[in-house]
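Chains, contacts and geometry: an overview
Listed below are the residues making up each chain.
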Amino acid sequence: TQSISEIARVKNLNRLQMGKHAVDAWYFSPYPKEYAHLPILYICEFCLSFFPSNFMLGRHRKRCNLLYPPGNEIYRHEDISFFEVDGRKQVAWCRNLSLLSKCFLDHKTLYYDVTPFLYYVMTQRDSAGCHIIGYFSKEKESAENYNVACILTLPQYQRHGFGRVLIEFSYELTKKEGKLGSPEKPLSDLGLLGYRAYWQEKIIDLLVNADDQEELSIDDIAQRTAITHADVLNTCTMLQLFKHHKGSHLICLNKAVLEKHERTLAKRKRRINPEKLIWKPPV
Ligand code: ACO
Ligand code: ZN
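Where an unreviewed UniProt entry is consulted, the chain appears under the name histone acetyltransferase, with the organism given as Pterulicium gracile.

With respect to the overall build of the chain
Scanning the chain from N- to C-terminus turns up eight helices and 13 strands. Expected size for 283 residues packed as a compact globule is a radius of gyration near 19 Å; at 21 Å, the chain falls within 12% of this value. If one aligns the C-alpha atoms of the chain with their principal axes, the spans along those axes are about 70 × 50 × 35 Å. Among the 283 residues that make up the chain, the fraction classed as buried is 31%. Within the chain, counting contacts between residues at least 6 apart in sequence, those at least 24 apart form 55% of the total.

Concerning the pairing of strand β2 (residues 21-24)
On a regular strand, one side chain projects to one face of the sheet and the next to the other, so that they alternate. Pairing between strand β1 (residues 15-18) and β2: four bridges, direction antiparallel. Its bridge partner being in β2, M18 is matched across the sheet by H21. The antiparallel pairing of β1 with β2 creates a hairpin that spans two residues between the two strands, and G19 there sits at a positive phi of about 55°.

Brief notes about the domain arrangement of the chain
Once the domains are mapped, the chain shows domain 1 (1-66) and domain 2 (189-266). Computed over C-alpha atoms, the centres of domain 1 and domain 2 are 41 Å apart.

Regarding the packing of helix α4 (residues 162-176) against helix α5 (residues 189-209)
Orientation of α4 relative to α5, taken along the N-to-C sense of each, is 65°, at an axis distance of 10 Å. Between α4 and α5, the crossing angle belongs to the class labelled roughly perpendicular. Two packed elements cross with a definite hand, and for α4 against α5 that hand is right-handed. Of α5, the residues touching α4 (which contributes G163, R164, I167 and E168) are G194, Y195, A197 and Y198. Taken together, the residues that form the contact of α4 with α5 break down as four nonpolar, two polar and two charged.

Let's talk about the environment of K176
With respect to the helices and strands, the residue K176 is situated in helix α4. Sequence spacing of K176 and A226 is 50 residues, and the spatial spacing of their C-alpha atoms is 9.5 Å. In contact with K176, not counting residues within four places along its chain, are W279 and P281.

A look at the pairing of strand β3 (residues 40-43)
The pairing of β1 with β3 spans four bridges and is parallel. If you follow M18 over to β3, its bridge partner there is I43. Relative to strand β4 (residues 50-51), β3 runs antiparallel, the two sharing two bridges. Bridge pairing links I43 to F50 in β4. If you look at the hairpin formed by β3 and β4, you'll find six residues sitting between the two strands, and L48 has a positive phi there, around 70°.

Digging into the site of ligand 1
Neighbouring ligand 1 are 23 residues; T153, Q158, G163, S188 and G191 lie closest to it. Listed by contribution, the elements that provide at least two residues to the shell around ligand 1 are β10 (151-153), α4 and α5. The element best represented in the shell around ligand 1 is α5, accounting for five residues. Split by residue class, the shell around ligand 1 holds 12 nonpolar, eight polar and three charged.

Structural notes on the nonpolar core
Counting residues in hydrophobic clusters, the biggest one holds 59 residues, and the most contacted among them are I43, Y119, Y120, V121, M122 and Y135. When residues of this core are assigned to domains, at least three map to each of domain 1 (1-66) and domain 2 (189-266). When near neighbours in sequence (up to four residues on either side) are disregarded, M122 contacts I80, F82, I133, G134, Y135, F162, V165 and L166.

Definitions and cut-offs
- Residues numbered from 1 in each chain as written.
- Chains lettered and ligands numbered in written order.
- Predicted model: local features only at pLDDT ≥ 70, side-chain atom pairs only at ≥ 80, totals over all residues.
- Helix = DSSP H or I, 4+ residues; strand = E, 2+ residues; numbered from the N terminus.
- Rg over C-alpha atoms; globule rule 2.2 N^0.38 Å.
- Buried ≥ 20, exposed ≤ 12 C-beta atoms within 10 Å, placed from the backbone.
- Contact = placed C-beta atoms within 7 Å.
- Pairing = 2+ DSSP bridges.
- Domains from an automatic or database assignment.
- Axes fitted to C-alpha atoms, helices over the stretch in contact; angles between N-to-C directions.
- Parallel < 35°, antiparallel > 145°, perpendicular 65-115°, else oblique.
- Left-handed = near helix turned anticlockwise from the far one by under 90°.
- Nonpolar A, V, L, I, M, F, W, Y, C, P; charged D, E, K, R; others polar.
- Near = placed C-beta within 6 Å.
- Core = buried A, V, L, I, M, F, W, Y, C linked by C-beta atoms within 7 Å.

Right, dumping it as structure tokens:
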């Protein structure tokens, strides 16, 4: 038997129209009742307001003059810009972002209280404006040192390497803070796949490019990547990189791992250019 809360969580939305993209919702999201179960929910791709008809969206678009997320542009490189949006200053916008992202996040409770979070929103710039590709939220104060609370690539942009760019950006912020970071648990299946791929690539990249004489410890790898010791250790274990040698453990790259790494790098189109990040940790 289903409990009331489970019934309430049954998927309530069908399709979402955002700019020129239409996608199916994956999970329940607490949009107001009168907006649920419509064939299509129309979302303004800039202010993220929602409308029951294309006509009403069109009327709104004539008045809405937002062309990018309502925050500071802290990164611009090639056609990608990141904006930092403060949940305390942009309550309505951040709630709309939470509602939209809950459509694709199952395991997260939705935070109505957006004030404790900063939102790092990745956009692609063109002549019409800065279009949201994805984002991650981050607690202003995280007791567990989480550097990401929620992370999402909008479905129309998934599997193009954008999630990796979001993750890389989150670690660049953590480096600027002089900390190590890890995403909030539990991770979704897709979140775990994305993070594992990122950790592998970063750690192997570091090992491949290390000087021959240099012996890198778990701690060295953590300090250089801002990836926590636990995540480094797990990744190396999964890749079977540890070898016993005269009573100590060494990290050794094997041919299979190296070949896979080459293939990964070959298809890598985008990466974060840390020099383009203009940001100081908020005080
Ligand atoms: N199947 C298998 N592997 C996958 C998949 C998939 N569907 N998606 C991502 N991966 C792995 C692959 O190794 C991929 O690299 P590859 O494409 O070169 O093989 C790697 O992750 C990175 O893929 P990207 O294209 O960079 O990631 P994407 O833009 O698709 O975003 C993300 C990944 C953010 C997890 C996305 O799937 C998403 O938004 N999912 C829905 C929301 C979600 O679950 N978020 C994480 C919740 S946990 C948390 O918030 C802390
Ligand atoms: Zn709008």
